[in-house]
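Report on the structure
The primary structure of each chain is shown beneath.
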Amino acid sequence: MQQLLAQDARHYSTFRLAATLAKVTVLSSLAELQHYQPQQLPLLLGEGSNSIFLSDWPGEILRYVAAGRQLEVSGDQLHLHVEAGHNWHQLVSWSVGQGWWGLENLALIPGSVGAAPVQNIGAYGAELADTCSYVDFFHWQSRQVQRLTAAECRFGYRDSIFKQQLAGKGVIVAVGFCLKRNGSPKLNYNGLDHLTAQASLLDVMNAVIAVRRKKLPDPAILPNCGSFFKNPVIPAALFQQLYQQYPAMPHYPQPQQQVKLAAAWLIEQVGLKGYQLGGVACYQQQPLVLVNQNNGTAAELLQLITLIQQAVFARFGVQLEPEVRLLRHHD
Ligand code: EPU
């Protein structure tokens, strides 16, 4: 166990707002977690690629960094057990390098394996739920590890039981995956349509990496947390009204009479693509991403969020909700 005091939050969030974190505890094995008895329940943090500190954080922060990997091959399937602290993209590129299908469309997503199920990460026609077979969850109350099947995780669009009923109740310690030797490329995303059904696993991963590099800013160069808002999912009846007025509106039918809209398009329509407010901005190449381009502050970010939400609501009657976890301590 490692305890770090008075940490600079810019090292713990890829949006890099200035703040101080009073105490960060780093645990590197399940045995350490089982012995750890915090006075108050800590805030859990992975690699900080989807969390933004809007204020100093006086409470304890926990990073669980155990990163082992175990595998079992049966027939043409690979059963993988990966501890939560493993880096996500390293897992993807390792599995692709070994010839296992399943994770290739999720290449280059920043963050850790343990964070992936929380919001059911997804990109380019795939999501974690497609290959996840279970999640191991350590409960603070019972101090036991429970294995939740994928169905029990209740994965949805950027959602799971870990953001709902189990939020704050424990720690994801490992994720199970089932990958396949004989797969076929998932090419339904329109940026991948130059590939053919004969594309290799490596071709698919490389194409995904190329699209991401073109559209999304690299957090190591331009601080950001990826998509800032979720794509709004609205009732089909409301969509029909909007569609009559805006026939060019991108839309994706969902189960249960719902339609998903492209938040990037809504933001572009209200003229805020590329908009700068102090040190923060709505990214020019992909307006769903907010960037901290010049030492922005929490106040500027909050103003920009409100401005975007109000402009989109005023024009379309649709409420944009943040996808990123915003952390603010209230005294
Ligand atoms: N669009 C515009 N203007 C733009 C960019 C996009 O109008 O400047 C419209 C286009 O119609 C485009 C649509 O928005 O077809 C969707 O854009 P894009 O394919 O770039 O994806 P997204 O819906 O904005 C989602 C995920 C991304 C993921 C991509 C690709 C969410 C919140 N975001 O973005 O995930 O990489 O799809 O699958 O669902 C992340 O979560 O951090 C993330 C980057």
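The structure presented is a predicted model; accordingly, all values stated were derived computationally and were not measured.

Describing the environment of C153
Locating C153 in the fold gives a position in the loop between strand 11 (145-149) and strand 12 (170-180). Once residues lying within four places of it in the same chain are set aside, the contact partners of C153 are V135, L148, S160, I161 and F162.

Points about the site of the ligand
Taken together, 26 residues sit near the ligand, with Y124, R158, Y189, E268 and K273 positioned nearest. In this structure, an oxygen atom belonging to the ligand sits 2.8 Å away from a side-chain N or O atom of Q286. Between an oxygen atom of the ligand and a side-chain N or O atom of E323, the distance comes to 2.8 Å. Here the ligand loses 81% of its free accessible area of 820 Å² to cover by the protein chains. Mapped onto the domain boundaries, the shell around the ligand takes at least three residues apiece from domain 2 (69-212) and domain 3 (217-327).

Observations concerning the nonpolar core
Formed by 45 residues in total, the largest nonpolar core has its most connected members in L80, W88, L91, L128, V135, F162 and F177. Listed by contribution, the elements that provide at least two residues to this core are strand 7 (77-83), helix 2 (88-97), strand 10 (132-139), strand 12 and helix 3 (201-215). The greatest single-element share of this core, amounting to seven residues, is contributed by helix 3. For W88, the contacting residues outside a window of four places in its chain are L103, L106, I109, G111, S112, V113, A116, I121, L128 and F177. Membership of the second largest hydrophobic core comes to 37 residues, among which are F15, W265, V280 and I308.

A short note on the pairing of strand 15 (residues 251-254)
Pairing between strand 15 and strand 16 (residues 258-261): four bridges, direction antiparallel. Each bridged residue has a counterpart across the sheet, and for H251 the counterpart in strand 16 is L261. A loop of three residues connects strand 15 with strand 16, the two strands running antiparallel in sequence, and Q256 in this loop sits at a positive phi of about 60°.

Some words on the sheet that holds strand 7
Across a sheet, strands are paired by hydrogen bonds formed along the backbone, either parallel or antiparallel in direction. Strands sit in the order 6-7-12-10-11 across an open sheet of five strands; the sheet is antiparallel. The open sheet has two edge strands with one neighbour each: strand 6 (69-74) and strand 11. On average, adjacent strands in this sheet sit at an angle of 20° to one another, irrespective of strand direction. Of the strand pairs in this sheet, strand 7 and strand 12 are connected by seven bridges, and their pairing is antiparallel. Note that in strand 12 the partner of H81 across the bridge is G176. Against the sheet, helix 2 makes contact with strand 6, strand 7 and strand 12, and its axis sits at roughly 160° relative to strand 7, the strand it touches most.

Here we look at the side chain of S55
Within the secondary structure, S55 is located in the loop between strand 4 (51-53) and strand 5 (57-64). Taking the relative accessible area as the measure of exposure, S55 reaches 18% and is therefore buried. Reaching out from S55, the side chain makes a polar contact with the backbone nitrogen of H329 at a distance of 2.8 Å.

So, the pattern of salt bridges
Evaluation of the coordinates by the stated rule reveals six salt bridges. The salt bridge partner of R10 is D8, with a shortest N-O separation of 2.9 Å. R158 serves as the salt-bridge partner of E323, at 3.3 Å between the closest nitrogen and oxygen. Separated by 165 residues along the polypeptide, E323 in the loop between helix 6 (298-316) and strand 20 (325-327) and R158 in the loop between strand 11 and strand 12 bring together distant segments of the chain. For the pair E323 and R158, a shared accessibility class is recorded, and that class is buried.

Comments concerning the domain arrangement of the chain
Under the domain assignment, the chain is made up of domain 1 (2-64), domain 2 (69-212) and domain 3 (217-327). Look at where the C-alpha atoms of domain 1 and domain 3 centre, and you get two points 28 Å apart. Contact residues are listed per partner, giving 17 residues for domain 1 and 19 residues for domain 3. Counting each side, the surface lost to burial between domain 1 and domain 3 is near 1,500 Å², with a carbon and sulfur contribution of 62%. The three residues of domain 1 that bury the most area against domain 3 are F15, N50 and L54, which together make up 44% of that side's buried surface. Our enumeration of links across domain 1 and domain 3 arrives at zero salt bridges. Counting the contacts that link domain 1 with domain 3 gives 10 residue pairs in polar contact (both at pLDDT 80 or more). If you list the elements that add at least two residues to the side of domain 1 that touches domain 3, you get strand 3 (43-44) and strand 4. Tallied by class, residues from the side of domain 1 that touches domain 3 come to nine nonpolar, seven polar and one charged.

Details of helix 3
The terminal C-alpha atoms of helix 3 lie 22 Å apart, and with 15 residues this matches the ideal 21 Å at 1.5 Å per residue to within 8%. Listing the buried residues of helix 3 in full gives L201, V204, M205, A207, V208, I209, V211 and R212. Those residues of helix 3 that are buried are in contact with helix 2 and strand 8 (122-123).

About the criteria used
- Residues numbered from 1 in each chain as written.
- Predicted model: local features only at pLDDT ≥ 70, side-chain atom pairs only at ≥ 80, totals over all residues.
- Heavy atoms only, no water.
- Helix = DSSP H or I, 4+ residues; strand = E, 2+ residues; numbered from the N terminus.
- Contact = heavy atoms within 4.5 Å.
- Near = heavy atom within 4 Å.
- Polar contact = N/O pair within 3.5 Å; in protein donor to acceptor, adjacent residues only side chain to side chain.
- Areas by Shrake-Rupley, 256 points an atom, 1.4 Å probe, with all protein chains shown as cover.
- Domains from an automatic or database assignment.
- Core = buried A, V, L, I, M, F, W, Y, C linked by side-chain atoms within 4.5 Å.
- Buried < 20%, exposed > 50% of the residue type's maximum accessible area, 1.4 Å probe, protein only.
- Pairing = 2+ DSSP bridges.
- Axes fitted to C-alpha atoms, helices over the stretch in contact; angles between N-to-C directions.
- Salt bridge = Lys/Arg side-chain N within 4 Å of Asp/Glu carboxyl O.
- Buried area = accessible area lost by both parts, 1.4 Å probe.
- Nonpolar A, V, L, I, M, F, W, Y, C, P; charged D, E, K, R; others polar.
- Expected span 1.5 Å × (residues − 1).

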